[in-house]
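Analysis of the macromolecular model
Given next are the chains, with one letter for each unit.
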Amino acid sequence: MLKRGKDERGVIEMVDTESLVPAGHLLRQVETAVDFEKIYEIVEPLYSEGEGRPSIDPVVLFKLVLLQHLDGNTSLRGTLRRAQTDVAYRWFLRYTLSEELPHFSTVSYNFRHRFTEETIEAIFRWVLEEAGAAGALSPAAVFIDGTHIKASANINKKIKQEIPVAAKRYQEELLAEVNADREAHGKKPFDRDDGPLGPGGKKRDNTSKKKLARRKRAAKAQKTATVSTTDPECGLFCKGEHKRCFAYEAHTACDKSGYVLEVVVTPGNVHDSVAFDDVYDKVTESFPQVQTIVADAAYKTPHICKKVFTDGRVLSTAYKRPQTMKGGHPWWTYVYDEYHDCIICPEYHLLPYRTTDRDGYRQYASDPKICAQCPTRHLCTRSKNCVKTVLRHIWKDFEELADDIRYTPEYIELYKKRKETIERVFADAKEKHAMRYTFYRGLAQVSSWVRLKFAAMNIKKLARWKARRPSRSSSPTTSFAYILAYFAACLECNQAGRFSTGYAADQRICGVFLSRGPCTERFRKRSFEKTWPL
């Protein structure tokens, strides 16, 4: 029988937003997962104590941006349009059904001019503190990687520009060890001015040859880069099969559970290994209990290996293919003799030490007279002077230590978890939370945007995790069933005398139970395990 619906859109009902939001809704879980009152303490110094108009509630401002990132909405206006009609949004913001929401320009202005980078950093740290206090973090193993974010810049609007080459952060440390190595081999040490010292430690005269060398070094200190005229702070991203575009790079660290512990945003043309120091230093400062760093082959450099192992931690990384001559001898046929400090070539001839360059590489060169008569010279070198040069970094021992660890079963399994941790973080951020590209311009704005996005992802993960945990506040019936089941297990193993009725919500009540002995196995077999998982 056909039944026509009634038009009751104008009916007045007595309802409240609390009853309209489902019990298992994500926003309910988020509301109970963290204490949003902490935001007042963070932003209090940014507001006047007794002057000016009453402001919009800062918690509402942050919740609106949190909603934008949780739903993967690229537009703040779109988020506010949805908040007009979404009851769950209004409940989360603590607004009534008819109360007027803040204008989108008010939210945008506050995040551009009032809330600084330090404020966003404090919000990010606060979320991690909430997760750490709940016991959700597991920072013993940290997974580090980078992902690119397309910038709001046209690839066709660009110019060529001369920019200075950034100095390496470890340049002073490397130069000191290079000079020590050169002195050990009877070579003159390098000066900081890129020239070897003269007799007695004095610089040589300013001859024409010296001036020419300085001009060459000055030319190397500059490089030509492609700069966007729309957003000069982004960089041209060129990697593998990816399409060339202007982008930013989010260098991220997460734990085993997928919580983002640190993120550093750089232009898209900055290599992962260059930004490693910033990410590593911040993560280890915030979480000193870090024991293992898991990263891909892009981070397998002598400096990174030395830095991690010197700090007493372990670097778990992948195989990195040596950059050798195509079609030539395999790299492992050149054997380093540590005792005689030389290289043994595939034809069993010695390549003695020649020098150590400023980049920290020792050079081992062959005798051209011997190489000229070698039957496999075409597989070794194509140089006109018939000299084969093999390079070995002064920190190569740390890199070999990383190779040895790569074969350890524990770290093999740990490296496999990259696809479940850091790679999944990037996939969720781009597919579910709209981090594939950004509408913001400038490194500071993009950095704050990325931190807020990862903070929202951490809150969501924490809320889901807390919702899945069994409640420790049991009803009297449940507690009584727990005690009966446990007492029966104690009777079976003649341990009833050790039973205690002083039950506490967060304590186990038997020494046998704590020892995970046979009493535990009997207790597990009982049906109560479905109610109270152990």
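Above this text sits the structure in question.
This report concerns the structure included in the present document.

Analysis parameters
- Residues numbered from 1 in each chain as written.
- Predicted model: local features only at pLDDT ≥ 70, side-chain atom pairs only at ≥ 80, totals over all residues.
- Heavy atoms only, no water.
- Helix = DSSP H or I, 4+ residues; strand = E, 2+ residues; numbered from the N terminus.
- Buried < 20%, exposed > 50% of the residue type's maximum accessible area, 1.4 Å probe, protein only.
- Pairing = 2+ DSSP bridges.
- Contact = heavy atoms within 4.5 Å.
- Arc of directions from axis to C-beta.
- Axes fitted to C-alpha atoms, helices over the stretch in contact; angles between N-to-C directions.
- Parallel < 35°, antiparallel > 145°, perpendicular 65-115°, else oblique.
- Nonpolar A, V, L, I, M, F, W, Y, C, P; charged D, E, K, R; others polar.

Right, let's talk about the overall build of the protein chain for a bit. Of the regular secondary structure elements, the protein chain holds 20 helices and 13 strands. By the burial criterion, 42% of the 534 residues in the protein chain qualify as buried.

Once that is clear, we can look at the pairing of strand β1 (residues 141-150). Of all ten residues making up β1, nine are buried, and the element is well covered by its neighbours. Looking at chain direction, β1 and strand β7 (residues 292-294) are connected through three bridges and run parallel. Bridged to A141 within β7 is T292. With eight bridges connecting them, β1 and strand β5 (residues 245-254) associate as antiparallel partners. The partner of D145 across the bridge, within β5, is T252.

For the rest of this paragraph, the subject is the environment of V263. Within the secondary structure, V263 is located in strand β6 (residues 260-267). Judged by relative accessible area, which is 4%, V263 ranks as buried. Along the chain, V263 and V279 lie 16 residues apart, while their C-alpha atoms are 6.6 Å from each other. Other than its neighbours up to four places away in sequence, V263 contacts A250, H251, T252, V450, R451 and F454.

Okay, helix α16 (residues 422-431) next. The complete set of buried residues in α16 reads I422, V425, F426, A429 and K430. Looking down the long axis of α16, one finds its buried residues gathered within 120° of arc, a one-sided arrangement. Those residues of α16 that are buried lie in contact with β1, β5, β6 and α17 (443-468).

Here we come to the packing of helix α4 (residues 58-70) against α17. The geometry of α4 relative to α17 is characterised by a closest axis approach of 9 Å and an angle of 80° between their N-to-C directions. Between α4 and α17, the crossing angle belongs to the class labelled roughly perpendicular. Along its contact with α4, which presents V65, L66, H69 and L70, the element α17 presents W449, L452, K453, A456, I459 and K460. Looking at the contact of α4 with α17 residue by residue, the class counts come to seven nonpolar, one polar and two charged.

So, to be careful, I would describe these as geometric facts and stop short of saying anything about function.
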